[in-house]
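Descriptive analysis of the structure
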Amino acid sequence: MKRWAALVVFSLLALAAGCSNRNEQPPDKGGLLSDGPAAEPVALEVSDLQEILASIDLAAADLTCFCEGAEETFPAENAIRAKDYLEELRAFTWEGDQPPAGWDGADLYRYQLTVPGAVLTAYQSGYEDARPLHVETGEGEGWFILPTVTEPEEQYNWMLYDTLGQWYGEAQAAALYGGEGVPLTAEELDWFEHYTESTETHYDETWGGFIVSATPISCFFTSQYNDPRDMDAGAFLYYCPDQGTLEAGDEAEFRIVQEKAGWRVGEDSHLASLEEMPVPCHRLPRSYINEILTKYAGITVEEMHTDWLKDALYIPETDCFYTFSSDFGPGTFLSCYGEKDGDIVTLWESPSAESGDADMLVLQKDGENWQILSHCPDTAA
């Protein structure tokens, strides 16, 4: 009897010790401490993505560009318009998607937004034109796309990649070129972006559709210079908005132009008539060109360091320049970062993938206008 009682007491002590040991073990999360299978990752839904976007702290976010195997990372908040880009992402209409067929996670071109607890990757190639967003968190992952929406605001799948690309370009430019002056505000950068726009769109009632045309300021971005009086005449005029093209009834004027232009066609290489011209002939009065030069640079044709009347196709009898073009390729300047110093504003594009340099545009306030002082590469980075 005493032996049986002793065995019972020993068993109870052992059981108590075993319970005590189990209570001291850390909780088993996801089966890591058990012999069973790990917990399945959660499939993220649109509501999860929206929650991630709503909780992003820009001070703790980074943007990375992956380009043909190379990668570079910058703080997301460097971009002057970082808050605007984040709001764009939050305002998009999202749809859940499935992993693209054949996806290997190594697209040559992608942008990655990394925030505490989540990594959002936008792909360029599209995978059957889906242009997906891949989101990873500590709990799971998900795939999302931007469906086409036309009302109340237009939305297309490529807007996601473009938004992150523009955001990255501005963060990169700020990191590489900022520091000498006072950064522009988001509103100021928007204003200068509009001021330097290379195209404008208007509705043509005769044609019944929208027409995109070059702006006068685009001419200043067709060559590089430390002084606008050194601009290239041919490049400046080639895509300059014309003051009309020569048409039926302008044959006499065209014959004068042809005496200097010498545009020949046909097997016998004869001088083309107006009807035979394969491209339009654009008329640019010298007074009109001087108006553009004066408004945006405070100079005139007569003040250029080279003789524009000889460098370009200029006809004294009509006091006009003429160009021949049918394609469309105005000069461009895409402002990604800007600083002000008194009445001087300096704007930068993002660095070129080929050269690593960024074009820099310097302007000075002159009354109600901002006049261009220079347009040249910044090699400081």
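Given the structure is predicted, the values throughout are model-derived calculations rather than measurements.

What counts, and at which threshold
Residues numbered from 1 in each chain as written. Predicted model: local features only at pLDDT ≥ 70, side-chain atom pairs only at ≥ 80, totals over all residues. Heavy atoms only, no water. Buried < 20%, exposed > 50% of the residue type's maximum accessible area, 1.4 Å probe, protein only. Helix = DSSP H or I, 4+ residues; strand = E, 2+ residues; numbered from the N terminus. Pairing = 2+ DSSP bridges. Patch = residues over 30% accessible without salt bridge, like charges linked within 9 Å, V, L, I, M, F, W, Y side chains within 5 Å. Areas by Shrake-Rupley, 256 points an atom, 1.4 Å probe, with all protein chains shown as cover. Salt bridge = Lys/Arg side-chain N within 4 Å of Asp/Glu carboxyl O. Lys, Arg positive; Asp, Glu negative; His and termini not counted. Charge placed at Lys NZ, Arg CZ, Asp CG, Glu CD. Axes fitted to C-alpha atoms, helices over the stretch in contact; angles between N-to-C directions. Parallel < 35°, antiparallel > 145°, perpendicular 65-115°, else oblique. Left-handed = near helix turned anticlockwise from the far one by under 90°. Contact = heavy atoms within 4.5 Å. Nonpolar A, V, L, I, M, F, W, Y, C, P; charged D, E, K, R; others polar. Core = buried A, V, L, I, M, F, W, Y, C linked by side-chain atoms within 4.5 Å. pLDDT = per-residue confidence, 0-100. Disulfide = S-S within 2.5 Å.

What to know about the pairing of strand 5 (residues 109–115)
- The element strand 5 is largely enclosed, with a buried count of five among its seven residues.
- As consecutive antiparallel partners, strand 5 and strand 6 (residues 118–123) are separated by two residues, and within that stretch Gly117 has a phi angle of approximately 90 degrees, a positive value.

So, the pairing of strand 8 (residues 140–145)
- In terms of burial, strand 8 is a largely internal element, five of the six residues being buried.
- Pairing of strand 4 (residues 95–97) with strand 8 involves three bridges; the strand directions are antiparallel. Looking at strand 8, one finds that Glu95 is bridged to Ile145.
- Taken together, strand 7 (residues 133–137) and the strand that follows it, strand 8, pair antiparallel across an intervening segment of two residues.

Let's talk about a negative patch on the surface
- A cluster of acidic residues, Glu267, Asp268, Glu275 and Glu276, forms a negative patch on the protein surface.
- Looking at the secondary structure, you find Asp268 in the loop between strand 12 (264–265) and strand 13 (270–271).

Description of the pattern of salt bridges
- Tallying each qualifying case throughout the model produces ten salt bridges.
- The shortest N-O distance in the salt bridge between Arg283 and Glu253 comes to 2.9 Å. Of the two residues, Arg283 is situated in strand 14 (residues 281–285) and Glu253 in helix 7 (residues 251–261); the sequence distance between them amounts to 30 residues. Like Arg283, the residue Glu253 is buried in the burial classification.
- For the salt bridge of Arg286 with Asp319, the shortest nitrogen-to-oxygen distance reads 2.7 Å.

Considerations on the packing of helix 3 (residues 82–91) against helix 4 (residues 158–177)
- The interhelical angle for the contact between helix 3 and helix 4, taken along N-to-C directions, is 165 degrees, at an axis separation of 10 Å. Our classification of the angle between helix 3 and helix 4 gives roughly antiparallel. When you trace helix 3 past helix 4, the crossing you get is left-handed. Across from Ala82, Tyr85, Leu86, Glu88 and Leu89 in helix 3, the residues of helix 4 making contact are Leu160, Thr163, Leu164, Gln166, Trp167 and Glu170.
- Looking at the contact of helix 3 with helix 4 residue by residue, the class counts come to seven nonpolar, two polar and two charged.

Notes on the nonpolar core
- Formed by 47 residues in total, the largest nonpolar core has its most connected members in Phe220, Phe236, Ile289 and Trp308.
- The set of elements that each furnish at least two residues to this core consists of helix 4, helix 5 (186–195), helix 6 (233–238), helix 8 (286–297), strand 18 (344–348), strand 19 (358–366) and strand 20 (369–378).
- If you tally residues by element for this core, the top one is helix 8, at six residues.
- Counting 35 residues, the second-largest nonpolar core is a separate cluster that includes Leu44, Ala61, Phe92 and Ala122.

Overview of the confidence of the model for the chain
- Chain-level statistics for the chain give a pLDDT mean of 87 and a share of 88% at 70 or above.
- Segment residues 1–34 is flagged for pLDDT under 50; beyond a separation of four residues in sequence, or across chains, it makes nine contacts in the model.

Regarding the state of the cysteines
- Counted by the stated rule, this structure contains zero disulfides.
- Cys240 forms no disulfide, and the closest cysteine sulfur to it belongs to Cys219, at a distance of 3.6 Å.

Here we look at the environment of Met277
- The residue Met277 is located in the loop between strand 13 and strand 14 in this model.
- Separated by 13 residues in sequence, Met277 and Arg264 place their C-alpha atoms 8.8 Å apart.
- Those residues within four positions of Met277 in sequence are excluded, and the remaining contacts are Phe254, Trp263, Ala272 and Phe324.

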